Amino acid sequence: MSTQPRRTWLPFLNADIPAACDTPAKTAAFELELGCKTLGIEAPALQVMPDMGESYEIKDGVITGGERGVLYGVYAWLCAKAAGEEPPAGPQKPFYALRMLNCWDNADGTVERGYAGRSLWFEDGRLDWDGPRIRQLGRMLSSAGVNVLCVNNVNVRADAALLIEDEGLPELARLAAEFRRFGVRLMTSIEFSRPLAHGISTADPLDGEVQRFWRERADAVWAAIPDFAGFLVKADSEHRPGPFTYGRTHAEGANMLARAIKPHGGVLVWRAFVYNCMQDWRDTSTDRPKAAYETYAQLDGQFDDNVILQVKNGPFDFQVREPVSPTFYAMPNTRLALEVQLAQEYTGQQIDLYAMPPMWKELAQALPPETVSAVAAVSNLGRDDNYTGHPFAAVNLYGFGRFAWDPQSDPEAVTRRWARLSYRLPAAQEDALVDLLMHSREVYEKYTAPLGLCWMVNPHNHYGPNPSGYEYDLWGTYHKASRDAVGIDRTASGTGYLEQYPEALRAQYATPEACPDNLKLFFHRLRYDYRMADGRTLIQRIYDDHFEGCAAAEAMGEALKSLEIPEPDRAEALERMEKQIKNAREWRDVVNTFFHRLSGAEDEKGRKIYD
Ligand code: GCV
């Protein structure tokens, strides 16, 4: 048994879970006893009522809940005690039944867009993990409220495809058993063309042999792991195979797989991240944000009831700021999942601070939570000792779980709860840390790509500035900055993207005046001398935002120094902050110089912009 304390937000846990805790209810009893002992408090009684499923209630000194609900209740009670707060009152149940983490882990142990070290469960082409670490992670996921883990990259490469084959299933079943005790079920990404590797001449979803292949695979998977959650598929996207090869629609492709797993109660999660990634930048008839809607809106109502169409939060690809994808409003007869990205691919790569709870709030405001029936987040996890690379990036994992449980959660309360459980700082310092986190996103946005400007990052690795990096590329990612103007007109007079929104929403973005500043250049092409609502010109605003964002990052660095965050997190956070400040200066100078050279406009405040 490991007694090594791990660095999570669960300050009351420091022992391994015994193998006998093989169900969530048994785990709950162990966690309660251990937690109470560590905190020096008396344990309430536990009552398991199987019918309650994931729900629980804490009342009159008793935690009552279903097999999984009771575990959520125990963590809620323990976390409240540890934070010195009241446990939740009244019956509690998650808003979304599926609260998924999508891990882009490859079988060779690397993680696509991973910024926290190597995979926690893959090495050398196979599953291989450290038991105590996995169990610690199970506690983290369960205490946050995550209940499904997709273990491998949506880009299924090499040996990852073997996970659901006879040679891979025994190990996958062992991993499923590790997570089962925390109420977390497994899912895998599958390769649409897998039948070809088995000597079948096609992967056409309407072919009988293909259908049989998937039925047999599904039977084998669920025989090994009866509570397996389902399959996740990236098809016809960024060179992945899919139904288009066979002249079939995505409904036909998804339904074929869904029917194979339906008898086992599995869900088929089908990603809607489909666009032309071989676009010619000279082609102005194509506008990438229109792609998902164009592919899927016409298929509304054609997907089987165990298919979930997973749509990225914005129409591009996890840029610092995007409007909510119009696809969400266009498919009332399809089960949809909202996909967000905790891995900070475009948002600082777990070097720069970027706390996401304020984004959850924004999403819940823009997208009525009942529009979707599930939520998924691209994981920010890895083998680093703190699991998330930047020690504060754990707030995003915790925050996602809380948001998935209750999309109306207050982002500040969630951030504070995480900070309090993780660090137990004096009140003023806790306030300062919460403030730092709550503002970190807007600071990052200001020094990188404010006003809805997307795609100014370095190509491929996506860290650091490169305003023209994606301008003449194949990916449909253009801002078209010229001598006089910048941005894309996506209204009816431009690419027509705005027309994909319901009328009420269109009005919010239709004119530059109505459109909020933070999305102005996403929806409109504006001259540099365009007057913003506050009277500043657009070019001045671009300069100001970059100067202000960078100054704010420097101020965050000073604020961080004064916080008595326990080591090693303090040292790690400070080291990353140094890199962040360097990055912020680079962004400020590169972007301002870029626009200065193009426009020739001087900064009204006479600050240093390089020629
Ligand atoms: C897993 C972006 C990323 C890719 C990722 C893809 C996706 O394009 O850069 O690494 O692939 O999104 O979401 O499928």
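Residues numbered from 1 in each chain as written. Predicted model: local features only at pLDDT ≥ 70, side-chain atom pairs only at ≥ 80, totals over all residues. Heavy atoms only, no water.

## Some details on the overall build of the protein chain
- Secondary structure assignment for the protein chain yields 16 helices and 15 strands.
- Against the compact-globule benchmark of 25 Å for 611 residues, the protein chain has a radius of gyration of 24 Å, which places it among compact chains.
- Going through the 611 residues of the protein chain one by one, you find that 63% of them count as buried.
- Partitioning the contacts of the protein chain with sequence separation of at least 6, the portion at a separation of at least 24 is 71%.
- With an accessible surface of roughly 22,500 Å², the protein chain has 49% of that area assigned to carbon and sulfur atoms.
- The distance from the centre of the 66 positive side-chain charges to the centre of the 86 negative ones in the protein chain is 1 Å. (Helix = DSSP H or I, 4+ residues; strand = E, 2+ residues; numbered from the N terminus. Rg over C-alpha atoms; globule rule 2.2 N^0.38 Å. Buried < 20%, exposed > 50% of the residue type's maximum accessible area, 1.4 Å probe, protein only. Contact = heavy atoms within 4.5 Å. Areas by Shrake-Rupley, 256 points an atom, 1.4 Å probe, with all protein chains shown as cover. Lys, Arg positive; Asp, Glu negative; His and termini not counted. Charge placed at Lys NZ, Arg CZ, Asp CG, Glu CD.)

## Structural notes on the domain arrangement of the protein chain
- Per the domain assignment, the segments making up the protein chain are domain 1 (24–83), domain 2 (98–407) and domain 3 (445–599).
- The gap between the C-alpha centroids of domain 2 and domain 3 is 28 Å.
- Contact residues are listed per partner, giving 42 residues for domain 2 and 43 residues for domain 3.
- For the pair domain 2 and domain 3, the two sides together bury roughly 3,600 Å², of which 59% comes from carbon and sulfur.
- Note that R490 and D287 form a salt bridge whose closest N and O atoms lie 2.8 Å from each other.
- In terms of residue class, the side of domain 2 that touches domain 3 is built from 18 nonpolar, eleven polar and 13 charged. (Domains from an automatic or database assignment. Buried area = accessible area lost by both parts, 1.4 Å probe. Salt bridge = Lys/Arg side-chain N within 4 Å of Asp/Glu carboxyl O. Nonpolar A, V, L, I, M, F, W, Y, C, P; charged D, E, K, R; others polar.)

## Observations concerning the sheet that holds strand β7 (residues 148–150)
- Read around the closed barrel, the eight strands follow the order β4-β7-β8-β9-β10-β11-β12-β13; overall the barrel is parallel. Averaged over neighbouring strand pairs, the angle between their axes works out to 25° when direction is ignored.
- Of the strand pairs in this sheet, strand β12 (residues 336–341) and strand β13 (residues 374–378) are connected by five bridges, and their pairing is parallel. Looking at β13, one finds that A337 is bridged to A374. (Pairing = 2+ DSSP bridges. Axes fitted to C-alpha atoms, helices over the stretch in contact; angles between N-to-C directions.)

## What about the nonpolar core?
- One finds W121, W270 and F595 to be the most contacted residues of the largest nonpolar core, which totals 201 residues.
- In terms of residues, this core owes the most to one element, helix α2 (residues 69–83), which gives eleven residues.
- Discounting residues that sit within four places of it in the chain, F595 has contacts with L453, M456, A481, V486, Y528, I539, I542, Y543 and G600. (Core = buried A, V, L, I, M, F, W, Y, C linked by side-chain atoms within 4.5 Å.)

## With respect to the site of the ligand
- In the region of the ligand, 14 residues are neighbours, and E112, K234, R271, K312 and E345 sit closest.
- Note that an oxygen atom of the ligand is positioned 2.7 Å from one of the side-chain N or O atoms of R271.
- Between the ligand and K312, the relevant distance is 2.6 Å, taken from an oxygen atom to a side-chain nitrogen or oxygen of the residue.
- About the coverage of the ligand: the protein hides 95% of its 330 Å² of free accessible area. (Near = heavy atom within 4 Å. Polar contact = N/O pair within 3.5 Å; in protein donor to acceptor, adjacent residues only side chain to side chain.)

## Some thoughts on a negative patch on the surface
- A cluster of acidic residues, D108, D124, D128 and D159, forms a negative patch at the surface.
- Residue placement: D124 occurs in the loop between β5 (122–123) and β6 (126–127). (Patch = residues over 30% accessible without salt bridge, like charges linked within 9 Å, V, L, I, M, F, W, Y side chains within 5 Å.)

## Remarks on the environment of T27
- Along the polypeptide, T27 turns up in helix α1 (residues 24–39).
- Classification of T27 by relative accessible area gives buried; the value is 0%.
- Separated by 158 residues in the primary sequence, T27 and R185 have C-alpha atoms spaced 15 Å apart.
- What T27 contacts, discounting residues up to four positions off in sequence, is I17, C21, L71, R181 and F182.
- Side-chain polar atoms of T27 contact the backbone oxygen of C21, separated by 3.4 Å.

## Describing the sheet that holds strand β2 (residues 56–59)
- Taken together, the three strands give an open sheet; going across it, the order is β1-β3-β2, and neighbouring strands pair in mixed fashion. Looking at strand neighbours, the two that pair on one side only are β1 (45–48) and β2, the edges of this open sheet. Each adjacent strand pair in this sheet contributes to an overall mean axis angle of 15°, direction not counted.
- Looking at chain direction, β1 and strand β3 (residues 62–65) are connected through four bridges and run parallel. Within β3, the position partnered with L46 by the bridge is I63.

## Overview of the packing of helix α10 (residues 394–405) against helix α11 (residues 411–423)
- Contact geometry of α10 with α11 gives a least axis separation of 10 Å together with a crossing angle of 130°. By the angle between their directions, the pair α10 and α11 is classed as oblique. In this structure, the crossing between α10 and α11 has a hand that is right-handed. In this structure, α10 uses A394, V395, Y398, G399 and R402 to contact α11, whose residues at the interface are V414, T415, R417, W418 and L421.
- Residues of the contact of α10 with α11, tallied by class, amount to six nonpolar, two polar and two charged. (Parallel < 35°, antiparallel > 145°, perpendicular 65-115°, else oblique. Left-handed = near helix turned anticlockwise from the far one by under 90°.)

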